[in-house]
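Architecture at a glance
One letter stands for each residue in the lines below.
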Amino acid sequence: MGFFFKRVLNFEEAALKRLAEVAGTSAEVLDELISWTRRPSGDIRTQFRGELVPSRALRSPLVRGCPSCLLDDLKSGQDRPLTALTCCGDWQLKDTKDCVEHNAPFIPLWEEKTPSRRWDLQARFSDLLGSSTLTQTKPFCSHVWEYDHWLHQRLLMGNDDTWFQSHTIFAASRLCMHIGQQIIIHDIAEPFGSPGEERPEAIGFNALREGPSRLPAVLNTLVAAASGAGGGPKKAFGTLYPMLNRDYADAEEFEEFRCVYAVVHPRQLASCAGGYCPRAGYLRTNAPFGRQCSAGNRRLGKAAGQGFDRERGIIAL
Ligand SMILES: [Zn+2]
C-alpha cells in the first residue's frame, strides 16, 4: 500500500490520506470514520466525535454492545456473517449503556487488555460467533431514558436541544451523574424517574435538562433535603464538591458549574480560597454574581439572564 499500517494507527495524516486513496474512500468518509475511532490528543485526552474526552472513558478492556443490533446484522448477512457484523462507535464510550434503537441494555461481548487484539474485529467477532453469547441472549427491554436519547443524538448527529449543547458531553454527563447520585441519596428522585430505576446520570439529566436555572434550583433543593441534624455541604452535595473543586478544578469545561455551585453555597468559597480551587480568584470575592460572571465566564452571564431564580436570592445581580 506504500505505507506502514502502524502510521495509520498513529493517525499520521499522510498515511491516512494514502489509506483513503487505496480504499477508494473520500476524505469526508474517512474523517467520519476517524471521529468514531478516537484520535489521541495529549496523554490523557482523546478526540471523539469532535469532542475532547478523557482517554479512560474509551479504553475499557471490556467491549460491550447491543445483542439485538448484532443479531440484525447476522440476519441481513447470513452468507457472510463476519462481514455483516458491525461494532458501533458509540458502544466504546463508558457513558453509553443502552441501545436506543432496540430499548436494550448493552451486554459484555469480549474482554481483551491488549488494544490491538481488542479491536481485531475479525478475530473477536469470530470468537463471538463460536460462543453462546448471542444465541443465549434473551431479548430484554430496558427503560431507555431521555439521557440515553440525548447522548445518542449528540454522538450521532451533534444535535442537542438542551442547555447542555454549550457544554461538552463529558462535563454534562459528570454533572448529571453526581447530581443524580445526591438526588437518589436524599430520596427526592420521584419527580425525575420511575421508582426502582436508579440510573443517577439519567435522573440528574431529567432534573437539570430544562435550562440553566435548574442547576441552582436543584442545588438548593439538596441543601434543604440535607438540613437538620448532621446536615452540611458534605451531606447535601456529597461527591459533587470534590468533583468540581478538586478532580476538575483546572478544567475550563466545568467552570460554569463551579461558579453556580459557589453562589449557591457561598460558605464553601472559603474552602476554595484554602487551596482547592485554582480558578477561584473571582469566586473568593463577595462581588455581585453578575460581575463575577462577566469576569469569569461570559456564557454564565448569558445563562443568568435567561432565568435564574432572582427572587429567591440565589443570584445577586
Ligand atoms: Zn441495538
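Values in this document were obtained by computation on a predicted structure and should not be read as measured data.

Basis of the calculations
- Residues numbered from 1 in each chain as written.
- Predicted model: local features only at pLDDT ≥ 70, side-chain atom pairs only at ≥ 80, totals over all residues.
- Helix = DSSP H or I, 4+ residues; strand = E, 2+ residues; numbered from the N terminus.
- Buried ≥ 20, exposed ≤ 12 C-beta atoms within 10 Å, placed from the backbone.
- Contact = placed C-beta atoms within 7 Å.
- Pairing = 2+ DSSP bridges.
- pLDDT = per-residue confidence, 0-100.
- Axes fitted to C-alpha atoms, helices over the stretch in contact; angles between N-to-C directions.
- Parallel < 35°, antiparallel > 145°, perpendicular 65-115°, else oblique.
- Core = buried A, V, L, I, M, F, W, Y, C linked by C-beta atoms within 7 Å.

Some words on the overall build of the chain
The helix and strand inventory of the chain stands at 17 helices and seven strands. Taken across its 317 residues, the chain has 28% of its residues classed as buried. Residue pairs at least 24 apart in sequence account for 58% of intrachain contacts in the chain once pairs closer than 6 positions are excluded.

Considerations on the pairing of strand β2 (residues 45-48)
The pairing of strand β1 (residues 39-41) with β2 spans three bridges and is classified as antiparallel. When the bridges of β2 are listed, Ser41 appears paired with Arg45. Between β1 and β2, which pair antiparallel one after the other, the connecting turn spans three residues, and Gly42 there sits at a positive phi close to 85 degrees. Hairpin connection, β2 to strand β3 (residues 51-54): the antiparallel pair is bridged by two residues, and Arg49 has positive phi, about 55 degrees.

Points about the confidence of the model for the chain
For the chain, mean pLDDT is 78; residues scoring 70 or higher make up 78% of the total. pLDDT under 50 marks residues 268-317. Its contacts with residues more than four places away, or in other chains, come to 80 contacts.

What to know about the sheet that holds β1
Backbone-to-backbone hydrogen bonds join strands into a sheet, with any given pair of strands oriented parallel or antiparallel. With antiparallel pairing, three strands are arranged side by side in an open sheet as β1-β2-β3. The open sheet has two free edges, formed respectively by β1 and β3, since each of these has just one partner strand. This sheet shows a mean twist of 40 degrees between the axes of neighbouring strands, independent of strand direction. Of the pairings in the sheet, the one linking β2 to β3 comprises four bridges and is antiparallel in character. Paired with Arg45 across the two strands is Pro54, which belongs to β3.

Quick notes on the environment of Cys66
Tracing the backbone shows Cys66 in the loop between β4 (62-65) and α4 (67-76). Along the backbone, Cys66 and Asn103 are 37 residues apart, and their C-alpha atoms lie at a distance of 9.5 Å. If near-sequence neighbours (up to four positions away) are discounted, Cys66 is found in contact with Cys99, His102, Ala104 and Phe106.

Notes on the packing of helix α9 (residues 169-185) against helix α10 (residues 200-208)
In contact at an axis separation of 6 Å, α9 and α10 are set at 95 degrees when each is read in the N-to-C sense. Judged by the angle between their axes, α9 and α10 are roughly perpendicular. In this structure, α9 contributes Ser173, Leu175, Cys176, Met177, Ile179, Gly180, Gln181, Ile183 and Ile184 to the contact, and α10 contributes Pro200, Glu201, Ala202, Ile203, Gly204, Phe205, Ala207 and Leu208.

Some points on the environment of Val264
You can see Val264 is positioned in helix α14 (residues 255-264). What makes Val264 buried here is the crowd of 21 C-beta atoms within 10 Å. Once the C-alpha coordinates of Val264 and Ala217 are considered, the two residues, 47 residues apart in sequence, prove to be 8.9 Å apart.

Quick look at the nonpolar core
Cys176 and Ile179 are the most contacted members of the largest nonpolar core, which has 41 residues in total. With nine residues, α9 is the single largest residue contributor to this core. Contact partners of Cys176, with chain neighbours within four places excluded, come to Tyr147, Glu201, Gly204, Phe205 and Leu208. By size, the runner-up hydrophobic cluster in this structure holds seven residues, among which are Cys66, Leu70, Leu109 and Phe125.

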